[in-house]
Amino acid sequence: MIITVLFYIFVAVTVIQLCYYISFIPFLLHKTTKKPLNECLPISVIVCAKNEVINLNKLVPLLLEQDYSRYELVLINDASNDETLEVMKKFKENDSRITVVNVQNNEAFWGNKKYALTLGIKAASHEQLLFTDADCIPASKNWIQEMSVLFSESKSIVIGYGAYLSKKHSFVNLLVRFETLLSAIQYFSYAKLNRPYMAVGRNLAYTKSEFFRVNGFINHMQIRSGDDDLFIRDAATSSNTIIALAPNSFTFSEAPTSLKKWFRQKRRHVTTASHYTYKHQFFLGLFYSSKLLFFLLAPFVLVCKPDVITISTAVSYVVFTYLIVGFSAKKLKETSLLYFLPFLELFLVLFQFVIFITNSISKPTHWK
């Protein structure tokens, strides 16, 4: 009797997983429509930095070398206590396209990146805004072009891909990149299904009008993170959002180098996710909980009931996973992850379960 019940649960969670993977297909079929260069819009590239001297010296020259004629670079010093402001001013002395916004700690918004970003957005000269982080680098000299060209009368939010650089002989790097890939598959797919729920601030663009339409970050100013995904929660609709999948539109950054650092980072992200709409929380939770149940039940059911239906069910899951994740990895230039797919998937699900339990006991206190 128990085996029969577990078998039906196993089949049910597998069907749920297959339905999710089928829903990811529109993302795989997405094609970007090219526009001629003479249609480029003026755009403000915004970088908010706190104690980022080394990274700014790498990023700013790459941004100034972008093959785009109509842009400014807004550098925001978020109350740094190193030489960040001096480095920004030095760059500004040599290039008139740069605007420096110096943000000092405000008693009401102490250490709040959203406050700093708001001041930077207000200082920006152009309607179109493109965001990245100081620890990122653009994939090419056409990054601005590939992101800005997607703006139109109906599309005021552009969601890009923020990848992590590959590092050889590092399991943590593999795990971080796989989690980033799986998350991207989901938020790109939801956007394609006209249900956008998140983006990453490492590569995101939207208009000033859209920002002020929802009163900026006011609805979640008290939450230290979420300047990207919680803004999407408030501003994105079924018709105003588009995704950028051209390889030249990607950004790259260094992945956390230890499980401890990544664990702390993901605890913060999971805390932010608790402020998503209930609908998105439910479907995201169902995806990972059904995946966890699959891995827990599969070994037991395959041993106790190794018939055609059980084996076919397990094989279907494996085939769909490799097909969808495989083609997605190809689209996002992450094919090296496929060699470790089953192990990475299992470890990631267990890792996220531990984060969920940990956050249920205590809230994270470390924020960047």
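Residues numbered from 1 in each chain as written. Predicted model: local features only at pLDDT ≥ 70, side-chain atom pairs only at ≥ 80, totals over all residues. Heavy atoms only, no water.

## Looking at the sheet that holds strand β7 (residues 162-164)
- The three strands lie next to each other as β5-β10-β7, forming an open sheet whose pairing is mixed. Each end of this open sheet is capped by a strand with a single partner; those strands are β5 (136-138) and β7. Here the average twist between neighbouring strands, direction ignored, is 35°.
- Where β7 meets strand β10 (residues 251-253), three bridges bridge the pair, whose relative direction is parallel. When the bridges of β10 are listed, A163 appears paired with F252. (Pairing = 2+ DSSP bridges. Helix = DSSP H or I, 4+ residues; strand = E, 2+ residues; numbered from the N terminus. Axes fitted to C-alpha atoms, helices over the stretch in contact; angles between N-to-C directions.)

## Thoughts on empty space enclosed by the protein
- Enumeration over the complete set of coordinates arrives at one cavity of 30 Å³ or more.
- If you add up the space inside the largest cavity, you get close to 80 Å³.
- Every residue along the wall of the largest cavity is listed here: I46, C48, K113, L117, F131, T132, D133, G201, L204, Y206, D227 and D228.
- Listing elements by their share of the lining of the largest cavity, those giving two or more residues are β1 (43-49), α5 (113-123), β4 (128-133) and β8 (204-207).
- Of all the elements, β4 adds the most residues to the lining of the largest cavity, at three residues.
- Of the residues assigned to the lining of the largest cavity, the class counts are six nonpolar, two polar and four charged. (1 Å grid on protein atoms, 1.4 Å probe; cavity = no way out; pocket = protein on both sides within 12 Å on 5 of 7 lines; lining within 4 Å. Points joined across faces, edges and corners; volume = space filled by probe spheres on them. Nonpolar A, V, L, I, M, F, W, Y, C, P; charged D, E, K, R; others polar.)

## A closer look at helix α1 (residues 2-23)
- Helix length check: α1, at 22 residues, gives a terminal C-alpha distance of 32 Å against a target of 32 Å (1.5 Å per residue), a fit within 8%.
- Here α1 has its buried residues at F7, F10, V13, T14, Q17, L18, Y20 and Y21. Take α1 and look down its axis: the buried residues cluster within an arc of 155°, on one side only. (Expected span 1.5 Å × (residues − 1). Buried < 20%, exposed > 50% of the residue type's maximum accessible area, 1.4 Å probe, protein only. Arc of directions from axis to C-beta.)

## Digging into the layout of surface pockets
- Taken as a whole, the second largest pocket holds about 190 Å³ of empty space.
- Looking at the second largest pocket, the residues that line it are Y20, S23, F24, Y190, L193, R195, K279, H280 and F283.
- For the lining of the second largest pocket, the secondary structure elements donating two or more residues are α1 and α11 (278-304).
- Here the lining of the second largest pocket takes three residues from α11, the largest share from any one element.
- Taken together, the residues of the lining of the second largest pocket sort by class into five nonpolar, two polar and two charged.

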